[in-house]
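Working through the structure, step by step
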Amino acid sequence: MGTWNSRGLRGSFLEELLNMTIEKYHAERLALIQKVPTPITPMKIDKETKHITLAYFDQKSTVDYIGVVQGIPVCFDAKECKTDSFPLANIHEHQYAFMRDFEAQDGIAFLIIYFKERDCFYYLRFRELKKFWERMESGGSKHFKYTELDPSYEISGYSGTFVHFLEQLQMDLDSRE
């Protein structure tokens, strides 16, 4: 079994908070969002506990979450970052391509990033990600800093919702019109 600090469990804290938020949104009929399971092939199973002890990924996954908010298709990924510098290597090329294609179909794609050092959550619009991605592809920085981000997209927690991102989603939508 992996430890809390293992690579495989990175993002578990954020994902747990997002799962609780999504349950609340669903209960309040604000959104229908599902966690996308990562497809695996089990190789070894403990016969006593029936737990998978060794598995391989079947294929590359897309994003962590997909769904609809008040008729608007959304997809997003949850990322955690220890410092104020977010490495773009944390986003796989196939994830970026999926989000780009999702946006091309008039969906809304974004990241929710938890900056551990600051203890804050951030809604990163796809167009912000695209700007950083293109900068990296043209030989620029392979990361972006928290100070490069628009502070109005920082997510505040209130109303009993752990990572209340609907206000930032609305801001994202309003900026497109």
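Here, the structure is the one placed above.
A brief structural summary. This structure is a prediction, so every number in the text was calculated from the model and none was measured.

Re the overall build of the protein chain
- Check the secondary structure of the protein chain and you find four helices and ten strands.
- When its helices and strands are written in sequence order, the protein chain yields α-β-β-β-β-β-β-α-β-β-α-β-β-α.
- Going through the 177 residues of the protein chain one by one, you find that 37% of them count as buried.
- Long-range contacts, defined as pairs at least 24 residues apart, comprise 62% of the intrachain contacts of the protein chain with a sequence gap of at least 6.
- Roughly 10700 Å² of accessible area belongs to the protein chain as shown, and the carbon and sulfur atoms make up 53% of that amount.

A short note on the pairing of strand β7 (residues 108-115)
- Taken across its eight residues, β7 has eight buried, putting it largely inside the fold.
- Along β7, one buried face is formed by Ile 108, Phe 110, Ile 112 and Tyr 114 and the opposite face, lined by Ala 109, Leu 111, Ile 113 and Phe 115, is buried too.
- Pairing between strand β5 (residues 72-81) and β7: eight bridges, direction parallel. Bridging across to β7, Cys 81 finds its partner in Phe 115.
- With six bridges connecting them, β7 and strand β8 (residues 120-125) associate as antiparallel partners. Residue pairing in the sheet places Phe 115 in a bridge with Cys 120 of β8.
- Hairpin remark: β7 followed by β8, antiparallel, with four residues in the connecting loop; positive phi at Asp 119, about 55 degrees.

Considerations on the sheet that holds strand β10 (residues 154-155)
- Strand order in the open sheet made by the six strands is β1-β4-β5-β7-β8-β10, with mixed pairing throughout. Two strands bound the open sheet, and with one partner strand each, they are β1 (31-35) and β10.
- Here β8 runs beside β10; their pairing, made up of two bridges, is antiparallel. Residue pairing for β10: Phe 121 is matched across the bridge by Ile 155.
- Packed onto the sheet, helix α1 (residues 12-27) meets β1, β4 (65-69), β5, β7 and β8 and runs at close to 150 degrees relative to β5.

Considerations on the pattern of salt bridges
- Within the structure shown, the criterion is met by 13 salt bridges.
- Two residues, Glu 28 and Lys 24, come together in a salt bridge whose shortest N-O distance is 2.8 Å.
- For Asp 101, the salt bridge goes to Arg 100, with nearest N and O atoms at 3.2 Å.
- Judged by its relative accessible area of 40%, Arg 100 is partly exposed.

Thresholds applied
Residues numbered from 1 in each chain as written. Predicted model: local features only at pLDDT ≥ 70, side-chain atom pairs only at ≥ 80, totals over all residues. Heavy atoms only, no water. Helix = DSSP H or I, 4+ residues; strand = E, 2+ residues; numbered from the N terminus. Buried < 20%, exposed > 50% of the residue type's maximum accessible area, 1.4 Å probe, protein only. Contact = heavy atoms within 4.5 Å. Areas by Shrake-Rupley, 256 points an atom, 1.4 Å probe, with all protein chains shown as cover. Pairing = 2+ DSSP bridges. Axes fitted to C-alpha atoms, helices over the stretch in contact; angles between N-to-C directions. Salt bridge = Lys/Arg side-chain N within 4 Å of Asp/Glu carboxyl O.

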